[in-house]
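A structural walkthrough
What follows is the residue order along each chain.
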Amino acid sequence: MSILLDDSTRVIVQGITGNIGRTQTRWMLDYGTKIVGGVTPGKGGTQVEGLPVFDSVGEAVRETGATASVFFVPAPFVLDAFYETVDAGVSFIVIVPEHVPVHDVMKMRAYIKDKDVFTLGPTTPGILVPGKGKMGIMPASLFFPGRAGIISRSGTLSYEFAGILSEKNIGQSTVVGMGADPVVLTNLKDILKKFEADDETDGVIVVGEVGGEQEEKAAEFIRDHMTKPVASYIAGRFSPKGKRMGHAGAIVRGSAGTYEGKCEALKNVGIEVLNSPIDVLEWAEKHNIT
Amino acid sequence: MSILLDDSTRVIVQGITGNIGRTQTRWMLDYGTKIVGGVTPGKGGTQVEGLPVFDSVGEAVRETGATASVFFVPAPFVLDAFYETVDAGVSFIVIVPEHVPVHDVMKMRAYIKDKDVFTLGPTTPGILVPGKGKMGIMPASLFFPGRAGIISRSGTLSYEFAGILSEKNIGQSTVVGMGADPVVLTNLKDILKKFEADDETDGVIVVGEVGGEQEEKAAEFIRDHMTKPVASYIAGRFSPKGKRMGHAGAIVRGSAGTYEGKCEALKNVGIEVLNSPIDVLEWAEKHNIT
Amino acid sequence: MRLHEYEAARVFESVGIKVPKHKVVQTPEEALEAAEEIGYPLVLKAQVLVGGRGLAGGVKIASDPEELKTLSGKMTGSEIKGVPVDKIMVTEKANISDELYVAVTVDGYSGRPVVIASTEGGVNIEETARKTPEKIVSVHVDPQFGFYPFQARRLLRRLGLSERLLLSCADVLVRLYKVFSQLEGIIVEINPLAVLENGDLCAVDAVLEVDNSALKRIEYPLPNFLERIDNPLERRGRRIGVTYVDLDGDIGLISSGAGLGMASMDIIGQKLRPANFLETGGGITEELLYKCMELIMRKEKLRGLFINIYGGINPIHEGAKGVVRYIKEHGVTIPIVAKALGNHQEETWETLESGGVHVITDVATEKAVARLVELVEANE
Amino acid sequence: MRLHEYEAARVFESVGIKVPKHKVVQTPEEALEAAEEIGYPLVLKAQVLVGGRGLAGGVKIASDPEELKTLSGKMTGSEIKGVPVDKIMVTEKANISDELYVAVTVDGYSGRPVVIASTEGGVNIEETARKTPEKIVSVHVDPQFGFYPFQARRLLRRLGLSERLLLSCADVLVRLYKVFSQLEGIIVEINPLAVLENGDLCAVDAVLEVDNSALKRIEYPLPNFLERIDNPLERRGRRIGVTYVDLDGDIGLISSGAGLGMASMDIIGQKLRPANFLETGGGITEELLYKCMELIMRKEKLRGLFINIYGGINPIHEGAKGVVRYIKEHGVTIPIVAKALGNHQEETWETLESGGVHVITDVATEKAVARLVELVEANE
């Protein structure tokens, strides 16, 4: 089993009638994803790539039996579409768009607090299960089926790590972009939990970056709950420091967020911190991940 | 058993340090009500009528074991105080102030939608259980213990009906002001439900008035669920019609709200509609209510 | 507080709802000037806060300057349903292909905002509500959550709206809800919401009433509420902090509490005719009742006065002093009957009697009114 | 976007938070004029968006006109941490009896707003956070519900506040949250929130940063974001829609994606020094990459350029055309290495090679950078 998505998952595309929505829908279909329809308010009744377009998510769900949705909705409309999608009972939502206002993301997270829905993004390339399907924008050619799980904050770095492994015929079970924004809908540790439970994954690569507390909090989780080997890479070692103003960030996060802080937190719980992306090959070999 | 309040209910007074709060606290104590403390933010640590004043409802509840609260809080602060009181776990709240903004009342009602709390008001004289206690401003001299229940939208009319009965030694089990605002926290039918279940009440007088749909909706409830005799008086037969603008009210309520509409709805389900307040005596005699 | 149509138009514009090109004028000269910018044909609308304004002659169409001059001349200074016309809104006559109805109001019984829409906008909307209710759709809103476009679209699809109109109408509904929420509306209504020939939506006529209890905190700049009240006595009542409604009878009434006031009127109305409705609310002081007396006595030819007050939250013994002070200072001679019960009742009775007021100690208002009828008749 | 202190002061005033009497000036003459209204002693504060401004000489006290003239003369035209001082805020020197700290910010991990308060306001607040964290309290907020006075009082009681200060500080917190919410803040902070000798609270210094993704919909009138960016190349980057950070090395970088960009810098940084960080986001077109080339080539003395892009959402084959067009039009001679993988990769490679770009088809960025190092060294 892959996590979250497989070749039987019925997927709708929101914002399917836009340029990006159309193109990506074609590529998702080409990859074998079971796309069953699309939604664009005001465009109900039309077709894209032979798929029916609906005015509302509720109608799409009723007509197609979809349980998952991927968003190519313009950022200012994501909050509204998200509420609609959650209300329609969709249980897995991937928010590809970048520049979704952070106050909207906070509201979205509050909205699903006690609801049974799994979400990725915003600013995520989505999820790809090699050979089975993908929701989002990951370029298929870089992926290859196998037993390494990848979770990445950065979209393009997830391609990089998968590509490096694929070149050496080390495949991936599922590759997940968790979203690159300061606030994402699902935190790293909750995705790790899925991989820990997945019997097709032998080890997980966490592609992190400076800023935020995701890696630090995940380290605690890994220490307490993970049995599978975990490697991590933190991008931004030589990044220039931003001009920080105000003290609230430091008060909330303490020393979390720095390259050094993250590496220390990860190493402290026995996670291998990769010096450079290419080092992932050595780690995979060491742990017999294929 | 009276409804909602008896002589063991532990009551706090919010806004106890204001002029009205102080005076009414004394009178509630004089009547035997078990007032155990008060709340005024910023005045914690002081005393009123020998009672401790707390800065927060949470502290008051912890220190006094109060389960009920009566508000003499200025209207603009009622919403905030209400949230605080509900969060503190108080299960019976009486909102005396008038002029609470209707958008606040709507938020208050939404807040308690799925919570186990009973509320009266805003713009209510409160509740009085003859001989046992009172929360609010009802003038004690007009009430007398007995077996008639009274629910009134108007404060002063509740005194009038109780007084008319008391003069003839017909007592009341509990007198409830439900609040005179267009939106109240608890609708008429939900108070009727309490009286129907109360074994010390033999019949109920509903003192209504023109406007809104309370009486019409209550009529349906009485038809389906009440076994005790109910009398009703509707004030405002000769009231001048307001200058109505817009159609939304008519669309929402249809013909509800008029004197004639209300009387018809009540009579249709067998409720005795009193022509004038004093006619309540005849009704009470007829039903042997003492 | 009800806003004039032109004031509502300004509010709607500020949230991005399109309204017809318009000017507010007070004279035919100004109307002609406005017309140069707006063009003919145009619509003249009397800015009076009454329902059924159109049928009462408050809305006219002018096709040329001649007609405009005549019509605006007639309209300025006239009265619509008894309300003098001070301002006229001159608006372009839009090319309308369809008329929708949209509104947000407070549903008192459920205690929630309700958003209403219909494809059958126009003056007959209430008839539609009765005869073909399926042509009107509505949805309740969680006031803490708010109202989002997806909810608007869900509502409007029930009317069969689709494509561009679905989106543009949903957009208007969301903005309308924003007005409702930010201005603490009791009702905000656009009727008709015109679908123009080019497909745009335009709020051709609008109703906007805000919650009087929220006036002090609404951040949008609102007109002065007192100036809004046409009747000078009602304005005076609002100024001193009581609810006063002017009536055409000759028996004055002071009550504490609206329900008691209404019941008093109902009982008085069986034999006599009330001159007013005055309800003090919970703020009685000596000064307030003095001012209430002053206000009521401004009515000419009063035959009697009934005071019906309870000492619950109100210090009626203080109020009584104000009543008596007024009586003594002004030598009031008409019969006054008072029923004043509750806290401090004995003290109150004593004070009132010292001013020659007939105090009734029974509870039933019927008995007090009966006494008043006797006294009024005996006095004439 | 960060607001200047004087802009934040205006925002705070608009929601009813008291700020010191102040004027914004650009010359010593204006400063002297402002002082006549404000009085001495007063504080001069350079309006530069840098942290630690005070320690870097950006805050001075003047006790008389002489001193004011000297200090303001020195300050105008100077630089604080490399940022030129264009405007000075001249403020009254408040009589402070205590300094509080209050802030609202986004807690990224929990995804909720967090309200923070401390009785130990002032420049040492971070030290307080480390050494005596119990002197700082915070609470998370449900963004749909909002933040009410009772929650503020609950928080502040944990600091031992009571009586008047409890109420006034709770009031400020609620207003601060309103700023956070209405202006879509990332951080809003008042430090110190001064308790004046008369007991009033006054926002003596303030930080306000709003969400760039929300700039278009924030209703409060905000300054132009582009003008806010001091570095001309960074401003240009923002104008064309990419993230550009100017660095002091000599290897240009274009990446699609911030993570890939950071990793590229980390790898480059082991042998060479990046001249910039440029991240295109998901909006690559031929035109955009042409403009990116233009932007990067403005840096003098570049020794090489690395392009690291993926074709996921981006049409990299289109982007490649822009790169090549720029190279051809401007005769670029420095070595350029490109790694371009994903959708349309073959087409992209072909285009890039036609412009003399060294295309690396391996996935690992390390290999591409190794090639770049070789080429750069061979070129010199």
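Not measured: the values here are computed from a predicted model.

**Points about the environment of K262 of chain B**
Residue and element names in this part refer to chain B. Structurally, the position occupied by K262 is in helix α9 (residues 259–268). For K262, a relative accessible area of 0% translates into the label buried. Among residues more than four places away in sequence, those in contact with K262 are R153, E209, V210, G211, G212, E213, Q214, E215, E216, I234 and G257.

**What to know about unusual backbone geometry**
Here Y40 of chain C and P41 of chain C are connected by a cis peptide whose omega angle stands at -10°. Structurally, P41 of chain C can be placed in the loop between α2 (28–38) and β3 (42–46). The step from N191 of chain C to P192 of chain C runs through a cis peptide bond, and the omega angle for that step is 0°. Relative to the helices and strands, P192 of chain C resides in strand β11 (residues 185–196). Even without glycine at this site, E49 of chain A takes up a positive phi of about 55°. Here E49 of chain A is to be found in the loop between β3 (47–48) and β4 (51–54). The backbone phi angle of K301 of chain C is positive, close to 60°, even though this residue is not glycine. Note that K301 of chain C resides in the loop between α10 (286–296) and β17 (304–311).

**Regarding a negative patch on the surface**
A cluster of acidic residues, E29, E30, E33 and E36 of chain C, forms a negative patch at the surface. By relative accessible area, E29 of chain C is classed as exposed at 53%.

**Quick notes on the UniProt feature "domain: ATP-grasp" (unreviewed entry) in chain C**
What UniProt calls "domain: ATP-grasp" (unreviewed entry) maps, in this numbering, to residues 9–219 of chain C. Between the first and last C-alpha atoms of residues 9–219 of chain C the distance is 17 Å; the span itself is 33% helix and 31% strand.

**Some thoughts on the interface of chain A and chain D**
If you look at the interface, chain A gives 59 residues, while chain D gives 70 residues. Here chain A and chain D share an interface that buries about 5100 Å² over both sides, 61% of which is from carbon and sulfur atoms. Here chain A is connected to chain D by 2 salt bridges. Salt-bridge contacts for D104 of chain A lead to R217 of chain D; the nearest nitrogen and oxygen are separated by 2.7 Å. In this structure, the connection of chain A to chain D is made through 23 residue pairs in polar contact (both at pLDDT 80 or more). Residue composition of the side of chain A that touches chain D, by class: 31 nonpolar, 15 polar and 13 charged.

**Section: the side chain of S2 of chain B**
Residue and element names in this part refer to chain B. Its location among the elements puts S2 in the segment before β1 (11–14). In terms of polar contacts, S2 uses its side chain to reach the backbone carbonyl oxygen of L5, at 2.5 Å. Setting aside residues no more than four positions away along its own chain, S2 makes contact with V129, K132, S173, T174, D198 and E200.

**Remarks on the sheet that holds strand β2 (residues 35–39) of chain A**
All names here are of chain A. Taken together, 7 strands build an open sheet; the order of strands is β3-β4-β2-β1-β5-β6-β7 and the sheet is mixed. On the outer flanks of this sheet lie β3 and β7 (118–120), each paired with one strand and no other. In this structure, β3 lies alongside β4, joined through 2 bridges in antiparallel fashion. By the bridge assignment for β4, Q47 is matched with P52. Sheet contacts for helix α1 (residues 19–30): β1 (11–14), β2, β3, β4 and β5 (68–71); angle to β2, the most-contacted strand, approximately 170°.

**Some remarks on the domain arrangement of chain A**
Accessible area lost during the coming together of the parts is what is often quoted as the interface size. All names here are of chain A. By domain assignment, chain A separates into domain 1 (1–124) and domain 2 (139–290). Counting from both sides, the interface comprises 19 residues of domain 1 and, opposite them, 22 residues of domain 2. Each partner contributes to the roughly 1800 Å² buried at the junction of domain 1 and domain 2, and carbon and sulfur atoms together form 60% of this total. At the surface where domain 1 touches domain 2, the tally comes to 9 residue pairs in polar contact (both at pLDDT 80 or more). At the level of elements, α4 (102–111) and β7 are the ones that each hand at least two residues to the side of domain 1 that touches domain 2. Of the residues belonging to the side of domain 1 that touches domain 2, the class tally is 13 nonpolar, 5 polar and 1 charged.

The rules we used
- Residues numbered from 1 in each chain as written.
- Chains lettered and ligands numbered in written order.
- Predicted model: local features only at pLDDT ≥ 70, side-chain atom pairs only at ≥ 80, totals over all residues.
- Heavy atoms only, no water.
- Helix = DSSP H or I, 4+ residues; strand = E, 2+ residues; numbered from the N terminus.
- Buried < 20%, exposed > 50% of the residue type's maximum accessible area, 1.4 Å probe, protein only.
- Contact = heavy atoms within 4.5 Å.
- Patch = residues over 30% accessible without salt bridge, like charges linked within 9 Å, V, L, I, M, F, W, Y side chains within 5 Å.
- Areas by Shrake-Rupley, 256 points an atom, 1.4 Å probe, with all protein chains shown as cover.
- Salt bridge = Lys/Arg side-chain N within 4 Å of Asp/Glu carboxyl O.
- Lys, Arg positive; Asp, Glu negative; His and termini not counted.
- Charge placed at Lys NZ, Arg CZ, Asp CG, Glu CD.
- UniProt positions renumbered as here; feature names shortened; annotations may be inferred.
- Buried area = accessible area lost by both parts, 1.4 Å probe.
- Polar contact = N/O pair within 3.5 Å; in protein donor to acceptor, adjacent residues only side chain to side chain.
- Nonpolar A, V, L, I, M, F, W, Y, C, P; charged D, E, K, R; others polar.
- Pairing = 2+ DSSP bridges.
- Axes fitted to C-alpha atoms, helices over the stretch in contact; angles between N-to-C directions.
- Domains from an automatic or database assignment.

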